[in-house]
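Chains, contacts and geometry: an overview
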Amino acid sequence: MTYAITQTCCSDATCVTVCPVNCIHPTPDEADFGRTEMLYIDPVSCIDCGACADACPVDAVFPVDALPAAQREYGPLNAAYFADREAAPAPAGPNFHAWGEPVFDRNLPADFAPLRVAVVGTGPAGMYAAEDLLLHTGAQVTLIDRLPVAGGLIRYGVAPDHLPTKKAGDTFARFHTHPRVRMHLGLEVGRDITPQELGDHHDAVIYAVGAPAGRRLGIPGEDLTGSICATTFVSWYNAHPDVAPDAVDLSAERVVVVGNGNVALDVARILVSDPAALAAGDIAGHALDALRTSAVREVVLLGRRGPADAAYTRSELLALKHLPGVELVVDGHDPRTGAAIDAAAPGDRAALLQDVAREEVDWRTPPSEGRRIVFRFHSAPVEVLGDGGVRAVRVTGGAEGAEHVEMCAGLLLRAVGQRGVPVAGLPFDEATGTVPHEDGRVAGRPGTYVVGWIKRGPSGGIGANRTCAAETVTALLEDAVAGALPTPVQGAKAFQRLVRRRNRRIVDARGLARIERAELALGQRAGRPRVKLATVPELVAAAKGRRVAR
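The sections below set out a description of the structure shown in this document. Here the residue numbering is sequential within each chain, running from 1 through the sequence in written order. The predicted origin of the model limits local features to residues at a pLDDT of at least 70 and limits the giving and counting of side-chain atom pairs to 80 or more, whereas totals for whole chains, interfaces and linings rest on all residues. To obtain the side-chain values, all non-hydrogen atoms of the structure were included, while hydrogens and water were left out.

1. Here we look at helix H4 (residues 124-136)
Condition: Per the convention used, a helix needs a DSSP run of H or I reaching at least four residues, while a strand needs a run of E reaching at least two, with both numbered from the N terminus. To estimate how far a helix should reach, multiply one less than its number of residues by 1.5 Å. Exposure categories follow from relative accessible area, calculated using a 1.4 Å probe and restricted to protein chains: below 20% of the type maximum is buried, above 50% is exposed, and the middle band is partly exposed.
The terminal C-alpha atoms of H4 lie 18 Å apart, and with 13 residues this matches the ideal 18 Å at 1.5 Å per residue to within 8%. For H4, the tally of buried residues reaches eleven of 13 residues, placing the bulk of the element in the interior. Taken together, the buried positions of H4 are Pro124, Ala125, Gly126, Met127, Tyr128, Ala129, Ala130, Glu131, Asp132, Leu133 and Leu134.

2. A short note on the layout of surface pockets
Heads up, the condition is: Definitions used throughout: a 1 Å grid over protein atoms alone; a cavity as a set of points that fits a 1.4 Å probe which cannot get out; a pocket as an open set with protein on both sides within 12 Å along at least five of seven lines; a lining residue as one with an atom within 4 Å of a point. Grid points are joined across faces, edges and corners, and a volume is the space filled by probe spheres set on the points. Throughout, the ten residues Ala, Val, Leu, Ile, Met, Phe, Trp, Tyr, Cys and Pro are labelled nonpolar, Asp, Glu, Lys and Arg are labelled charged, and all others, Gly among them, are labelled polar.
Space inside the second largest pocket adds up to approximately 1,100 Å³. The wall of the second largest pocket is formed by 31 residues, among which Thr17, Pro28, Asp29, Asp105 and Thr467 lie closest to the centre. Only helix H1 (14-18), H4 and helix H16 (464-481) provide two or more residues apiece to the lining of the second largest pocket. Taken together, the residues that form the lining of the second largest pocket break down as eleven nonpolar, ten polar and ten charged.

3. Section: the pattern of salt bridges
Here is the rule: Salt bridges are defined as contacts in which a side-chain nitrogen from Lys or Arg sits within 4 Å of a carboxyl oxygen from Asp or Glu.
Scanning all chains against the criterion turns up 40 salt bridges. Its salt-bridge partner being Arg269, residue Asp161 comes within 2.7 Å of it at the nearest N-O pair. Of this pair, Asp161 sits in the loop between helix H5 (153-156) and helix H6 (163-166) while Arg269 sits in helix H10 (residues 262-272), and the two are 108 residues apart along the sequence. With a closest N to O distance of 3.1 Å, Arg216 and Asp223 form a salt bridge. Of the residues examined, Asp223 reaches a relative accessible area of 62% and is grouped as exposed. If you follow the salt bridges from partner to partner, you end up with Asp12, Glu131, Arg174 and Arg466 in one network.

Dropping the structure here:
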């Protein structure tokens, strides 16, 4: 039996490195890498060894014959990627695959001295950079995060019902206690220490601070109560300390989500999922309580373009189609929508909607009984209506976009992308929301580097950060070999003393382990895999070994 890659694929290419027959594509050296929705296994050349399944950090690889009903589509989906690819010529020798000559991108001298490198941010981008340094050099790495717990996007961005995806964090966690790692969680650069002080104690500093801000719509009424950024909603249901437990009101029957990317599908799915099913994940306790009493019955996904141009991946749409007790509907207000779906070829994203009901919805009335998600393509918001709070959303409608429709709704979520925010002491490009750089080197700041979304913008999932980090670390090492890094004026012990003076609530690796044990214990008592601590005081208390009252 052959294997197939499924929905939780993180595209970090660990599976590619262990495959003995090179049947997983695209590989990191192919042009499509980072541009496809996921990686794919060629059923013709797969030899059923299972090495990819053993190596996968997010449990995304399974035998095709063992796929459950909800994932059975992934067998044909994997095969379809190779339908138009030319088969590689069979090797003349006994090997399964004709491998190219080995390539060594880095050449470090034998007397290369260990570096002291600070990594600001403990999400996937920062941890891939730390992993690269620790595995391939003798560097000492200082891990810094402004929150008193590590994880970044994995802890606070991945949906709580995607537990296999969160397993990528286990790969990074093994480096938290590495003998050449020092961890300072709850330390904010720009508040507790300056960028200059950080640079004075390290040979190099890598910033991996992500893109935490949500993009705005720029329409009237956008700031009414009940109009919030989808990133805020994601942070709310993931127990992020920056978002209060009462930040979201679910008393509305209809919710409008602007956007149709994966984040939009995530928030729609959480809003209409059975709370009992969500309790099997690590959703925030306050969010779970709110969803149990939620009035939401209908979520509308507004897409400015047609179904062929939707930004979500096929795997996320497939997950919606198998959501128990939830109906999917395509709004048939625009004839272009149905035409595009009907004309879609097998394997096209729009083709996945061919078996979904179509309906012209009367938006002036409350939603019907039951729970459903409505896809409304060729439609964009033009105004949010209400007196103090959201009452309705005026959207474009009709083939030419000249007709406006007033859609009754009590909550608007803006899922139109994210952007970076200025980083203390670094240049910033307001247009792109990124730090100007060259291969990760920050312009005009020797010894300073960026990685992840603050480097390239908010594109790509967890695995995309591996190649991004490799590029940045390669640039750092090239600079070190060339003698281009500034010399630290203070040592590691001096930095430890400085941190203790500035912030007495710093969490180290042992404190992080205590937080882990506390959350797992709370989960065990609640019959759940984990109950997250949702405030900074709770996290710090757990890190210090104090009892957390719940």
